[in-house]
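Residue-level structure breakdown
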Amino acid sequence: QVQVTESGGGLVQPGESLRLSCTMSGPISTGNAVNWYRQVPGKQREMVANITRLDIASYVDSVKGRFTLSRHNAKNTVYLQMDRLKPEDTGVYFCNTKWFWGQGTQVTVSS
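So, a few notes on the structure that sits alongside this text. (Residues numbered from 1 in each chain as written. Predicted model: local features only at pLDDT ≥ 70, side-chain atom pairs only at ≥ 80, totals over all residues. Heavy atoms only, no water.)

1. Notes on the packing of aromatic side chains
Here the structure, examined in full by the defined rule, presents two aromatic pairs. Between Tyr-37 and Trp-101, the ring centres sit 5.1 Å apart and the planes meet at 40°, which makes this aromatic pair tilted. Of this pair, Tyr-37 sits in strand β4 (residues 34–39) while Trp-101 sits in strand β10 (residues 100–101); the two residues are 64 residues apart in sequence, bridging distant segments of the chain. For Tyr-37, a relative accessible area of 13% translates into the label buried. Judged by relative accessible area, Trp-101 falls into the partly exposed class, the value being 37%. (Phe/Tyr/Trp six-rings, centres within 6.5 Å; stacked < 30°, edge-to-face > 60°. Helix = DSSP H or I, 4+ residues; strand = E, 2+ residues; numbered from the N terminus. Buried < 20%, exposed > 50% of the residue type's maximum accessible area, 1.4 Å probe, protein only.)

Below you can see the structure in the form of structure tokens.
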């Protein structure tokens, strides 16, 4: 019954921006910790950002200063603002809360 859905991915050129959304629905509380992972074929899945129940955000070094996490509790949605994108940011981005996962959204950064 719980559903996690990512959206907002796409194809952009280096230096451009995207905003990813993670919307949670069904019998799940708002304000849970939420994690964003990036999956690249042939590479280890990597956590790139997470936000705690107290809205404390953290990021891997490779995205610090460029990615920003925020939350809209009324919509039970978490946003990942991605600025000054680089080709290395390319991958499928997954949202996770508790043991629930979304289907992923593709982000491609290419000139």
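2. A closer look at the nonpolar core
In terms of nonpolar packing, the biggest core is built from 24 residues, with Trp-36, Leu-80, Met-82 and Tyr-93 touching the most fellow members. Every element with two or more residues in this core is listed here: β3 (18–25), β4, β5 (46–51), β7 (67–72), β8 (77–82), β9 (91–97) and β11 (105–109). A total of four residues in this core trace back to one element, the largest contributor, which is β3. Setting aside residues up to four positions removed in sequence, Leu-80 forms contacts with Leu-18, Arg-19, Leu-20, Trp-36, Ala-49, Phe-67, Thr-68, Leu-69 and Tyr-93. (Core = buried A, V, L, I, M, F, W, Y, C linked by side-chain atoms within 4.5 Å. Contact = heavy atoms within 4.5 Å.)

3. Things to note about the state of the cysteines
For the structure shown, the criterion picks out one disulfide. Sulfur-sulfur distance for the disulfide between Cys-22 and Cys-95 comes to 1.9 Å. On the S-S bond that ties Cys-22 to Cys-95, the torsion sits near -75°, and the link is left-handed. Residue Cys-22 is found in strand β3, and its partner Cys-95 is found in strand β9; the two are separated by 73 residues along the sequence. Each member of the pair Cys-22 and Cys-95 is classed as buried. (Disulfide = S-S within 2.5 Å.)

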